[in-house]
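# Residue-level structure breakdown
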Amino acid sequence: MPVIKKRKETIPRVGIFGVGYAKYWEQFEGLYEQMMEKQAILLEKVEKNQVEVFDFGMVDDVQGAYELLPKLKAANLDLVFCDMLTYATSSTFGVIIKSLDVPVVLVALQPDKALNYSKASTYQQLYNDDICSLPEFTGVAVRMGKKAPDVIIGTLHDDPAAEAEISTYCNIARVLHDLKTARIGHIGHPIEAMLDMHSDATMLTSHFGLHIVQCEAHEIVNKFQQVAATDVDKEKVRILEFFDTPDPVSDPISEKLRETDLEVAARVSVALEEFVKDKKLDGLAYYYEGPENSETRQVMTNLIVGNSLLTGAGFPMCGESDLKCCIAMMIMERLGIGGSFAEFHPVDFKENFILVGHDGPHNVTIAQGKPVLRSLKKYHGKPGFGAGVEFKIKEGPITMLSITSTYDGKFKFVIAEGTSVEGPIPPTGNTNTRGYFKPDVRTFLKKWVKEGPTHHFALGVGHHAETIKKIGEYLNIEAVIVE
């Protein structure tokens, strides 16, 4: 299957500073130099994760902490690693954690797996005293009115678990970096009956930092009218390389992909690419019907193929004008786990799973096998007709994220983990995945709906509930994991 190239790579800004105790350096010759060697190794580990690293050296007294603080703030960082090189008094940390408004992670990676007890010395203890100040630092953070920082504990060498944690936090920084600068386009309005879809654009900026760009349908229609025939032909070739076009099966509203529907889908896809480029968008939520039999309706109801390709390229698009789900899809995409538009479909009580999927935008990079295009005579519940995208999510672990709104106007993350299991899906021109959730489908659904989610959610691959929960907490958004 052809690979979709990312539209742009996210390079978060990650700061690293070490902490130590100034009194040690005169007492133990060479200890300071070894501390800096340890920090250099951490820098290398972080740099492997496609991030921009800012090295702020070591802080070993309170004066250094006060001098470091404005430098940290000026660097516009997305996340900070505090390297716990040896014991350090919390005066090197208190003012920083009090005043810094980005996540701080304490990293305690001990160079030796254990002391050589027959040859142990105070020097060797201090060289390996990475965890010594952890309780002091977390306790002081709480006294400063902040949450206790997250902690990575392990060894400096040959510790895949610690390196995986570092990678996870770099991905969290990737999410936070893009959320606070994203331009999410919005066209039209949620379907009138979907009260759970409505969002306050100002509150989205308040909680996530992103900006909602209010756009008009005619901006895409104008691009559609100007697309060159050669560009349409190229796009048709690209679409047919990426999608399979099988014969219809059991659904009477589906047909083998018609040439006319491929032509429209390709022309709209080219127009859509030009539109998002001109508007400098990072995502788009849309729903717009347009007058019956109009060109506007033809264009706005045939975004499905183009938006699925864009979503796979790292540009989340969400139908039914669901801005909150678009953000959930962006979070998953920046974590590198996909993020496809989904809702619950019928339950299979015989085999204890539920179909999860949707019509419209999907992340084709996490499809099981080659995605399918079918011509649909009608889009159920919506006007229009044309090409529909069909596939299932890769088999294996999956994670769901619903971003919902609460009565007091705040946001809430509702998260769950499950499994995409093997088996056929309905041949309806929509995505559908056989989702298995513990302990059984009835119990899980009761617990899920009790948390007040929206009916849409982002669906990604792998189990990442704890990571997404951390993102919610860093954004000061309530986050619950349904288990």
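See the structure above.
Fair warning: this is a prediction, and the values are worked out from it, not measured in the lab.

Calculation rules
- Residues numbered from 1 in each chain as written.
- Predicted model: local features only at pLDDT ≥ 70, side-chain atom pairs only at ≥ 80, totals over all residues.
- Heavy atoms only, no water.
- Pairing = 2+ DSSP bridges.
- Helix = DSSP H or I, 4+ residues; strand = E, 2+ residues; numbered from the N terminus.
- Axes fitted to C-alpha atoms, helices over the stretch in contact; angles between N-to-C directions.
- Contact = heavy atoms within 4.5 Å.
- Phe/Tyr/Trp six-rings, centres within 6.5 Å; stacked < 30°, edge-to-face > 60°.
- Buried < 20%, exposed > 50% of the residue type's maximum accessible area, 1.4 Å probe, protein only.
- Lys NZ or Arg CZ within 6 Å of the ring centre and 35° of its normal.
- 1 Å grid on protein atoms, 1.4 Å probe; cavity = no way out; pocket = protein on both sides within 12 Å on 5 of 7 lines; lining within 4 Å.
- Points joined across faces, edges and corners; volume = space filled by probe spheres on them.
- Nonpolar A, V, L, I, M, F, W, Y, C, P; charged D, E, K, R; others polar.
- Salt bridge = Lys/Arg side-chain N within 4 Å of Asp/Glu carboxyl O.

Glancing now at the sheet that holds strand 4 (residues 104-110). Taken together, 5 strands build an open sheet; the order of strands is 2-1-3-4-5 and the sheet is parallel. Across the chains shown, the open sheet's two edge strands, defined by having one partner strand only, are strand 2 (52-59) and strand 5 (150-155). Adjacent strand axes in the sheet meet at a mean angle of 20 degrees when their direction is disregarded. Two elements, strand 1 (residues 13-19) and strand 2, share 6 bridges in a ladder whose sense is parallel. Bridging from a neighbouring strand, Val19 pairs with Val59 of strand 2. Along the sheet face, helix 3 (residues 62-74) touches strand 1 and strand 2 and points at about 165 degrees away from the line of strand 2.

The next point concerns the packing of aromatic side chains. Evaluation of the coordinates by the stated rule reveals 14 aromatic pairs. Ring geometry for Phe344 versus Trp448: centroids 6.2 Å apart, planes at 85 degrees, classification edge-to-face. With Phe344 in strand 11 (residues 338-348) and Trp448 in helix 15 (residues 441-450), the pair connects residues that are 104 residues apart, well separated along the chain. On the basis of relative accessible area, Trp448 is assigned to the buried category, the value being 1%. Feature note: the residues Tyr21, Tyr24, Trp25, Phe28, Tyr32, Tyr87 and Tyr123 constitute an aromatic cluster, connected by ring pairs. Lys38 extends its terminal NZ or CZ atom over the ring of Tyr127, reaching a point 5.4 Å from the ring centre. A cation over a ring is seen here: Arg267 above Phe224, with NZ or CZ 5.7 Å from the ring centre.

The subject of this paragraph is the layout of surface pockets. Computed from the structure, the largest pocket encloses a volume of approximately 830 Å³. Asp101, Val102, Pro103, Tyr474 and Asn476 are the residues nearest the centre of the largest pocket, which is lined by 28 residues in total. Every element with two or more residues in the lining of the largest pocket is listed here: helix 3, helix 8 (201-208) and helix 16 (465-474). Class assignment of the residues belonging to the lining of the largest pocket gives a composition of 13 nonpolar, 6 polar and 9 charged.

All right, on to the pairing of strand 17 (residues 433-436) then. Note: strand 12 (residues 353-357) against strand 17, 3 bridges, orientation antiparallel. Looking at the pairing, Leu355 lines up with Arg434 of strand 17.

Moving on, we come to empty space enclosed by the protein. Applying the stated criterion to the full structure yields 3 cavities of 30 Å³ or more. Within this model, the largest cavity holds a volume of roughly 200 Å³. Lining of the largest cavity is provided by 18 residues; of these, Tyr286, Tyr287, Met300, Thr301 and Lys382 occupy positions nearest its centre. Residue classes in the lining of the largest cavity are distributed as 10 nonpolar, 5 polar and 3 charged.

Counted residue by residue, strand 18 (residues 457-461) has 5 buried out of 5 residues, so it is predominantly covered. Going residue by residue along strand 18, you find Phe457, Leu459 and Val461 tucked away on one face and Ala458 and Gly460 tucked away on the opposite face as well. Pairing analysis gives 4 bridges linking strand 15 (residues 396-405) to strand 18, with the strands arranged antiparallel. Looking at strand 18, one finds that Thr399 is bridged to Gly460.

On to the pattern of salt bridges, then. Taken as a whole and assessed by the stated rule, the structure comprises 27 salt bridges. Ionic pairing is found between Lys236 and Glu259, a salt bridge with its closest N-O pair at 2.6 Å. On the criterion of sequence distance, the pair formed by Lys236 in helix 10 (residues 229-242) and Glu259 in helix 11 (residues 259-279) is long-range, its members being 23 residues apart. By relative accessible area, Glu259 is classed as partly exposed at 47%. Residue Lys382 is joined to Asp359 by a salt bridge in which the shortest nitrogen-to-oxygen separation is 2.9 Å. With Lys382 in the loop between strand 13 (372-376) and strand 14 (386-390) and Asp359 in the loop between strand 12 and strand 13, this residue pair connects regions lying 23 residues apart in the sequence. The buried category is assigned to Asp359, whose relative accessible area is 9%.

Pairing is antiparallel across the open sheet formed by 3 strands, whose spatial order is 8-13-14. Only two strands of the sheet have a single neighbouring strand rather than two, namely strand 8 (254-256) and strand 14. Each neighbouring strand pair of the sheet contributes to a mean axis angle of 50 degrees, computed without reference to strand direction. As defined by bridge partners, strand 13 adjoins strand 14 across 5 bridges and the pair is classed as antiparallel. Looking at the pairing, Ser375 lines up with Ala387 of strand 14.

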